[in-house]
Amino acid sequence: MKIISLKKGKEFSDAYKFGNSKANRLLVMYVRNNELTYNRIGISVSKKVGNSVVRHHICRLIRECLRLNGDSFNIGLDIVVIARGAAKDSSYHEIEKSILHLAHSHRIVL
């Protein structure tokens, strides 16, 4: 799946305001319908999580997981994933398990 990113602050704030959120130990996921024929992904990692190297590493893990598993998601969604502090010590498989858990709780998996 090609990843289309949310880029503007208004797109993120609309997802926070009008979307539904679910959380687990590693991540928080906001999901909102976008009335488009594709999904858009936004990833947010706070400075509280770690320095820029750590934040970028977490962002790459999340993006790769969404790229590999994104074909099994419903179409027409804005998905914002926020990393929590516990994510900095997590492996790819733990991040993937966490994302799939949140996707199942949002019922966005085909």
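Everything below is about the structure printed above this text.
Only a predicted model underlies this, so the values are computations on that prediction, with no experimental measurement involved.

## Some points on unusual backbone geometry
If you check the backbone angles, glutamate 35 has positive phi at about 60° while not being a glycine. One can find glutamate 35 in the loop between β3 (27-33) and β4 (40-45). The backbone phi angle of arginine 107 is positive, close to 60°, even though this residue is not glycine. Topologically, arginine 107 is positioned in the segment after α3 (92-106).

## Description of the environment of asparagine 24
Relative to the elements of secondary structure, asparagine 24 occurs in the loop between β2 (20-23) and β3. Each C-alpha atom of the pair asparagine 24 and glutamate 64 lies 19 Å from the other, and the pair is 40 residues apart in sequence. When sequence neighbours within four positions are dropped, the list of residues in contact with asparagine 24 reads Arg84, Ser98, His101 and Leu102. Here the side chain of asparagine 24 touches leucine 26 through a polar contact of 3.2 Å, landing on its backbone nitrogen.

## Side note on the packing of aromatic side chains
How two aromatic rings sit relative to each other is set out by the distance from centre to centre and by the angle between their planes. Per the stated rule, a full pass over the model turns up two aromatic pairs. Between phenylalanine 12 and tyrosine 16 the ring centres are 6.4 Å apart and the planes differ by 50°, which places this aromatic pair in the tilted class. With phenylalanine 12 and tyrosine 16 both in helix α1 (residues 9-18) and four residues apart, this pair spans about one turn of that helix. Classification of tyrosine 16 by relative accessible area gives partly exposed; the value is 32%. Between tyrosine 16 and tyrosine 30, the ring centres sit 4.9 Å apart and the planes meet at 65°, which makes this aromatic pair edge-to-face. Of this pair, tyrosine 16 sits in helix α1 while tyrosine 30 sits in strand β3, and the two are 14 residues apart along the sequence. For tyrosine 30, a relative accessible area of 19% puts it in the buried group. Taken together, Phe12, Tyr16 and Tyr30 form an aromatic cluster joined through their ring pairs.

## Describing the pairing of β3
In terms of residue burial, β3 counts as a mostly covered element, since five of its seven residues are buried. Here β2 runs beside β3; their pairing, made up of four bridges, is antiparallel. Each bridged residue has a counterpart across the sheet, and for alanine 23 the counterpart in β3 is valine 28. Hairpin remark: β2 followed by β3, antiparallel, with three residues in the connecting loop. Inspection of the sheet shows β3 paired to strand β5 (residues 77-83) by seven bridges, in the antiparallel sense. Bridging from a neighbouring strand, tyrosine 30 pairs with valine 80 of β5.

## Some details on the environment of leucine 6
Within the fold, leucine 6 resides in the loop between β1 (4-5) and α1. When the C-alpha atoms of leucine 6 and asparagine 39 are compared, they prove to be 9.6 Å apart, with 33 residues separating the residues in sequence. Sequence-distant contacts of leucine 6, defined by excluding residues within four places in its chain, comprise Glu11, Phe12, Arg40, Ile41, Gly42, Asp78, Ile79 and Val80.

Conventions and cut-offs
- Residues numbered from 1 in each chain as written.
- Predicted model: local features only at pLDDT ≥ 70, side-chain atom pairs only at ≥ 80, totals over all residues.
- Heavy atoms only, no water.
- Helix = DSSP H or I, 4+ residues; strand = E, 2+ residues; numbered from the N terminus.
- Contact = heavy atoms within 4.5 Å.
- Polar contact = N/O pair within 3.5 Å; in protein donor to acceptor, adjacent residues only side chain to side chain.
- Phe/Tyr/Trp six-rings, centres within 6.5 Å; stacked < 30°, edge-to-face > 60°.
- Buried < 20%, exposed > 50% of the residue type's maximum accessible area, 1.4 Å probe, protein only.
- Pairing = 2+ DSSP bridges.

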